[in-house]
Amino acid sequence: MHWSTLILAFAAAPTSALIRFQCSQLVRERLDPLVNPGLIPSPHVHQIVGGNSFNATMDPKTKDIPGESTCTTCQFAEDFSNYWTAILYFKARNGTYKRVPQLANAGFEGAKGGGMTVYYMQDPLYDTKQLSSVKAFQPGFRMFVGDINARNKAQAARFRQLTYTCMDNAGTRDKETVAFPARPCKYGIMTSLRFPTCWNGVDLDSPDHMSHMAYPESGTFESGGPCPSTHPVRVSQVMYEVIWDTSKFNDPAEWPADGSQPFVWSFGDGTGYGNHGDYVFGWKGDSLQKILDTKCYVNCEGAKLQSIEEMNKCSGSVPEAVVEDIDGWLDVLPGGHVANYS
Ligand SMILES: *[C@@H]1O[C@H](CO)[C@@H](O)[C@H](O)[C@H]1NC(C)=O
Ligand SMILES: *[C@@H]1O[C@H](CO)[C@@H](O)[C@H](O)[C@H]1NC(C)=O
């Protein structure tokens, strides 16, 4: 075999991992240990997945997330991290709000409460080779992406990849928008949240939970752009996909009379530009590093995986800290928010 053919033969196989897995819902309530630690209730409702040591405090100095968790709602049995986002409401023409249920991604049907799909990728999503190899996050690491106060395109522009996909069926992936889709989406709305991939190499967190992280200084993660000198350490891209089952809310008679879209985040954003996500690292020992160093693309054998049934058993295993109605037809959103557009 000619040497160049040999290299090509090797190059075709992944050299490190891209993992993609589902997590069932852990709990859905007004808690936010990253932005509002200790506050019960926090300002708006979240849906949270992952390890069941999750609580309102999560003090990084004293908390041993993998040690204190007895189960996780995620498929990787050693991933006790917590991943969370706001939740979506439908605002009916009579002004009342109803929570939009979630759906699991295709292939993960049955995940309780829909939950979310989580990715860790070292190169872009559709690059099956995953030639890069990055260092895993360290215990105590956490980050936030997005701006809950953003209500227009300019305000949302500093975040590169927080999007919506209007899904006509379970497989729709095309045409991502930064605002809520303007038309009814037959199957649902997918939220895709991609975290920045350049770390300052020092801080596990920062006061705004963002400034220890940055985007590549030129190009993008997808184009292999270099990290800035202030944030020289390239990490894996963490991405969430959450599917909102809007199919039951597509009656035009219930949409605003002017034809505008009726969906609202739990913090009142009716534009979609306030899209945001929270991440608290909690993989056991070096299990994330081990799996990232495995040569695999999506189907990663070897790591301890649990079935959807086992994940679901962990769902709801966290005692409810905030007891309130988040599911009825509500006059105001939990926490007193109302839909706002600027
Ligand atoms: C959260 O868990 C920690 C143990 O890790 C505990 O010390 C703390 O009191 C708990 N916080 C709440 C609000 O329950
Ligand atoms: C508002 O509209 C929704 C959807 O049609 C309906 O289910 C709900 O009962 C209405 N609420 C009030 C107070 O009219």
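None of these values were measured; they are calculated from a predicted model.

## So, the packing of aromatic side chains
- Tallied over the entire structure, the rule returns 24 aromatic pairs.
- Seen in terms of ring centroids, F141 and W199 are 6.1 Å apart; in terms of plane orientation they differ by 90°. Their pairing is edge-to-face. Of this pair, F141 sits in the loop between strand 8 (116–121) and strand 9 (142–146) while W199 sits in strand 13 (residues 198–199), placing them 58 residues apart in sequence. Like F141, the residue W199 is buried in the burial classification.

## Section: the nonpolar core
- Of all hydrophobic cores here, the largest spans 78 residues; its most connected members are Y83, Y120 and Y279.
- Counting residues per element, this core draws most heavily on strand 16 (residues 237–244), which supplies four residues.
- What Y279 contacts, discounting residues up to four positions off in sequence, is L34, S81, N82, Y83, Y120, F137, F141, R142, M143, F195, V238 and Y240.
- Of all hydrophobic cores here, the second largest spans six residues; its members include Y119, L125, F221 and M239.

## Topic: the site of ligand 1
- What surrounds ligand 1 is the set N55, T57, K63 and E68.
- At a separation of 2.3 Å, an oxygen atom of ligand 1 approaches a polar side-chain atom of N55.
- In this structure, T57 approaches ligand 1 through a side-chain N or O atom, which is 2.6 Å from a nitrogen atom.
- Expressed as a share of its isolated accessible area of 360 Å², the protein-covered part of ligand 1 is 45%.
- Its residues assigned to classes, the shell around ligand 1 comprises no nonpolar, two polar and two charged.

## Some details on the UniProt feature "domain: DUF1996" (unreviewed entry) in the protein chain
- As recorded in UniProt, the sites labelled "domain: DUF1996" (unreviewed entry) are residues 32–283.
- With 3% helix and 27% strand, the stretch residues 32–283 has end C-alpha atoms that lie 19 Å from each other.

## Concerning the pairing of strand 16
- Along strand 16, eight of the eight residues are buried, which leaves the element largely enclosed by surrounding structure.
- Burial along strand 16 is two-sided: the face carrying Q237, M239, E241 and I243 and the face carrying V238, Y240, V242 and W244 are both buried.
- Two elements, strand 7 (residues 102–103) and strand 16, share two bridges in a ladder whose sense is antiparallel. Paired with L103 across the strands is I243, a residue of strand 16.
- Across six bridges, strand 12 (residues 188–194) lies against strand 16 in antiparallel orientation.

## Points about the state of the cysteines
- Tallying each qualifying case throughout the model produces five disulfides.
- Covalently, C166 is tied to C185 through a disulfide, its sulfur atoms 2.1 Å apart. In this structure, the disulfide formed by C166 and C185 twists by about -115° around the S-S bond and is classed as left-handed. Of this pair, C166 sits in strand 10 (residues 162–167) while C185 sits in the loop between strand 11 (176–177) and strand 12, placing them 19 residues apart in sequence. In this structure, C166 and C185 share a single accessibility class: buried.
- The disulfide pattern of the protein chain is 1-3, 2-10, 4-5, 6-7, 8-9 when the bonded cysteines are numbered in sequence order.

So, how was this worked out
Residues numbered from 1 in each chain as written. Chains lettered and ligands numbered in written order. Predicted model: local features only at pLDDT ≥ 70, side-chain atom pairs only at ≥ 80, totals over all residues. Heavy atoms only, no water. Phe/Tyr/Trp six-rings, centres within 6.5 Å; stacked < 30°, edge-to-face > 60°. Helix = DSSP H or I, 4+ residues; strand = E, 2+ residues; numbered from the N terminus. Buried < 20%, exposed > 50% of the residue type's maximum accessible area, 1.4 Å probe, protein only. Core = buried A, V, L, I, M, F, W, Y, C linked by side-chain atoms within 4.5 Å. Contact = heavy atoms within 4.5 Å. Near = heavy atom within 4 Å. Polar contact = N/O pair within 3.5 Å; in protein donor to acceptor, adjacent residues only side chain to side chain. Areas by Shrake-Rupley, 256 points an atom, 1.4 Å probe, with all protein chains shown as cover. Nonpolar A, V, L, I, M, F, W, Y, C, P; charged D, E, K, R; others polar. UniProt positions renumbered as here; feature names shortened; annotations may be inferred. Pairing = 2+ DSSP bridges. Disulfide = S-S within 2.5 Å.

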